[in-house]
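Chain by chain, the residues run as shown.
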Amino acid sequence: MPQYWISFRSLTHAQRAARTLERNSITAIVSRLPQGVSPKGCGYAVIVRRQIREAVRLLEEAQIPRGMVFEKTERGDFREVKL
Amino acid sequence: MIYLDSAATSLLKPSAVGYAMADALRSMASPGRGGHAPSMLAADMVFRCREKAAELFHMARPDHVVFTMNATHALNIAIASLARKGKRVVISGFEHNAVARPLYAQGCSVKVAGRKLFDPEDTARSFRKELTEVDFAVCTVVSNVFGYILPYREICEMCRESGVPLILDASQAAGILDLDFDALGAAFMAMPGHKGLLGPQGTGILLCRDRAHPLLYGGSGSESRLQTMPEDLPERLEAGTQNVCGIAGLLAGIDTVLSKTPDAIFQYEHALLRLSIRELQSADCERFTIGGNHQSGVISLRSPRVDCETLADRLSEHKICVRSGLHCAPLAHESASTLETGTLRLSFSPYLSEGELREACRVLRHILSDTVS
């Protein structure tokens, strides 16, 4: 199953996002972003495994600013996903 | 011991506060620093505290709940965000030094409106007159000396209509009055965590409508390559390691306030106020009280025969804890003409019983009648 990482510029934004998604029945886990993924250093992400488009739509509706969305490949790499 | 100094700090707290703090001490690391379980546990708890505070103050945005060291720290951030040298500000006649001192330190031109104690119409009228000529306003919701509940809703409305940013000092009101931050429309609302919110010392909250200027610069746990503080709340105002144990205790305190409800707490403390007025009716002292709903669970008094410091000492000998003097609010004493004498202040909490208050009043009456004989 794919693993999508929605990046945020702050921990609190990531937490708000996770809460919003959980309330809409999308499982969301807050995690630190791996090194090199965040251009500004030390970022946070919310990991979702399904309904990524719906997740992004919900965050936009809740006006929670987000960064890029990545898909974690089977090899462990992160590639940006354009939605 | 009978504790009548909750306006200074709530010594009597729900037991859940201590348990939460001990648990945090053992199991929680620093939020926003590591990705490991103790760090994420801390982060989750801190966020839950933001959510609970947002619920208590009817806010849609928990990220606009900023944790501070105390109300003074919160007020300094708010004032530093609005004040510059020469800026004109109006304040009420009952402000604490935590408001007055930073304003003067910033070089503001300060006007004082509403000096009549327990006269909300005069306070409102006086504010309205000054609002046309100021850049921002600061107003306490409840006077820490007299328990006077200012007409804060009306003042908020006036400031909204005039486009004047307002800082509310809710130090004596948080957890006791039902304050709707979103509806009030103030720019900031500052409060301690350790008074009406029943949390530990070392905690405070600043509610922010929009962005604010940082007072402290340092690590924020994210966007570390940037050499400026983050643009977004709350990280913008929370540099450095947070008081995780304190916030855990504060969360437990806020939970208690939510379950009791501020309205019920106010009704209880107001009943204690009325009891104290009755019990001290025959005491040889001047009581500063209005008796109606314009006063919280705080009452000041003074004796014509013995100074308030001596009275406080005498009460302390009987293990009755009160505060005396100027209460860090010389402006309030100026307004009420008690600057030369100060006052003895009794302040109540939801954990003070009627029996305890009756006993304290009995001892005070005895001490005061002793001074007469």
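Within every chain, residues take consecutive numbers counted from 1 along the sequence as written. As a convention, the first chain written is A and the first ligand written is 1, with the rest following in written order. pLDDT decides what is reported in this predicted model: residues at 70 or higher carry local features, side-chain atom pairs at 80 or more are listed and counted, and totals for whole chains, interfaces and linings draw on all residues regardless. With hydrogens and water set aside, each side-chain value is computed from the structure's full complement of heavy atoms.

Right, let's talk about the overall build of chain A for a bit. For the purposes of this entry, the term helix denotes a DSSP run of H or I that reaches at least four residues, the term strand denotes a run of E that reaches at least two, and both are numbered from the N terminus. Per the secondary structure count, chain A includes two helices and five strands. The linear arrangement of helices and strands in chain A, starting from the amino end, is β-α-β-β-α-β-β. Both definitions apply: the radius of gyration is a C-alpha atom measure, and the globule rule equals 2.2 Å times residues to the power 0.38. For 83 residues, the compact-globule estimate of 2.2 N^0.38 gives 12 Å, and the C-alpha radius of gyration of chain A, at 11 Å, lies within 12% of that figure. Seen along its three principal axes, the alpha-carbon backbone of chain A occupies a region of about 30 × 25 × 20 Å. Residues counted as buried form 49% of the 83 residues belonging to chain A. In what follows, residue pairs with any heavy atoms lying within 4.5 Å of each other are defined as contacts. In chain A, of all internal contacts separated by at least 6 residues, the share reaching a separation of at least 24 is 65%. Using a 1.4 Å probe, accessible areas were evaluated by the Shrake-Rupley method; residue-level cover was limited to the displayed protein chains. A total of about 4600 Å² of accessible surface is found on chain A, and carbon and sulfur atoms cover 46% of it. With a 1.4 Å probe rolled over the protein chains alone, any residue whose accessible area is under 20% of its type maximum counts as buried; one over 50% counts as exposed, and the rest are partly exposed.

Looking now at the confidence of the model for chain B. It should be kept in mind that the predicted coordinates are not to be read in detail where pLDDT is low. Within a predicted model, pLDDT stands for the predictor's per-residue confidence, ranging from 0 to 100. Summary statistics for chain B give a mean pLDDT of 96 and a share of 99% for residues scoring 70 or more. This complex was scored by the predictor with a pTM of 0.96 and an ipTM of 0.90.

Residues and elements named next belong to chain B. With respect to burial, strand 10 (residues 298-302) is a largely interior element, five of its five residues being buried. Burial of the side chains of strand 10 extends over both faces: Val 298, Ser 300 and Arg 302 are buried on one face and Ile 299 and Leu 301 on the other. Where strand 9 (residues 286-288) meets strand 10, three bridges bridge the pair, whose relative direction is antiparallel. If you follow Glu 286 over to strand 10, its bridge partner there is Arg 302. Any two strands are treated as partners once DSSP identifies two or more bridges connecting them. Inspection of the sheet shows strand 10 paired to strand 13 (residues 343-347) by four bridges, in the antiparallel sense. Bridging across to strand 13, Ser 300 finds its partner in Arg 345.

Moving on to the sheet that holds strand 12 (residues 323-325) of chain B. All names here are of chain B. Read across the open sheet, the four strands follow the order 9-10-13-12; overall the sheet is antiparallel. Sheet topology places strand 9 and strand 12 at the edges, where each strand pairs with a single neighbour. Averaged over all pairs of adjacent strands, the angle between their axes in this sheet comes to 25 degrees, without regard to strand direction. Where strand 12 meets strand 13, three bridges bridge the pair, whose relative direction is antiparallel. The residue bridging Gly 325 from the neighbouring strand is Thr 343, located in strand 13. Fitting a line to C-alpha atoms yields each axis, with helices limited to the stretch in contact; the angle taken between N-to-C directions then spans 0 to 180 degrees.

This next bit is on the packing of aromatic side chains. Residues and elements named next belong to chain B. Here the aromatic set is Phe, Tyr and Trp, taking the six-membered ring for Trp, and pairing holds for ring centres within 6.5 Å; pairs whose planes are under 30 degrees apart are stacked, those over 60 apart are edge-to-face, and all others are tilted. Scanning the model with the defined rule gives four aromatic pairs over all chains in all. Both rings, one in Phe 94 and one in Tyr 148, keep their centres 5.3 Å apart while their planes meet at 85 degrees; by these two values the pair is edge-to-face. You can see Phe 94 sitting in the loop between strand 3 (88-92) and helix 4 (97-105) and its partner Tyr 148 sitting in the loop between strand 5 (136-140) and helix 6 (152-162), a full 54 residues away along the chain. By the burial criterion, Phe 94 is buried, and Tyr 148 matches it. In textbook terms, an aromatic cluster arises when at least three aromatic residues are bridged by ring pairs, as seen for Phe 94, Phe 118 and Tyr 148.

All right, on to the sheet that holds strand 5 of chain B then. Consider a sheet: its strands pair through backbone hydrogen bonds, and that pairing is either parallel or antiparallel. All names here are of chain B. On the basis of which strands lie adjacent, the open sheet formed by seven strands has the order 2-8-7-6-5-3-4 and mixed pairing. For this open sheet the edge positions go to strand 2 (65-68) and strand 4 (109-113), each flanked by a neighbour on one side alone. Across this sheet, the average inter-strand angle for adjacent strands is 20 degrees, counted without regard to direction. Looking at chain direction, strand 3 and strand 4 are connected through five bridges and run parallel. Bridging from a neighbouring strand, Val 90 pairs with Lys 111 of strand 4.

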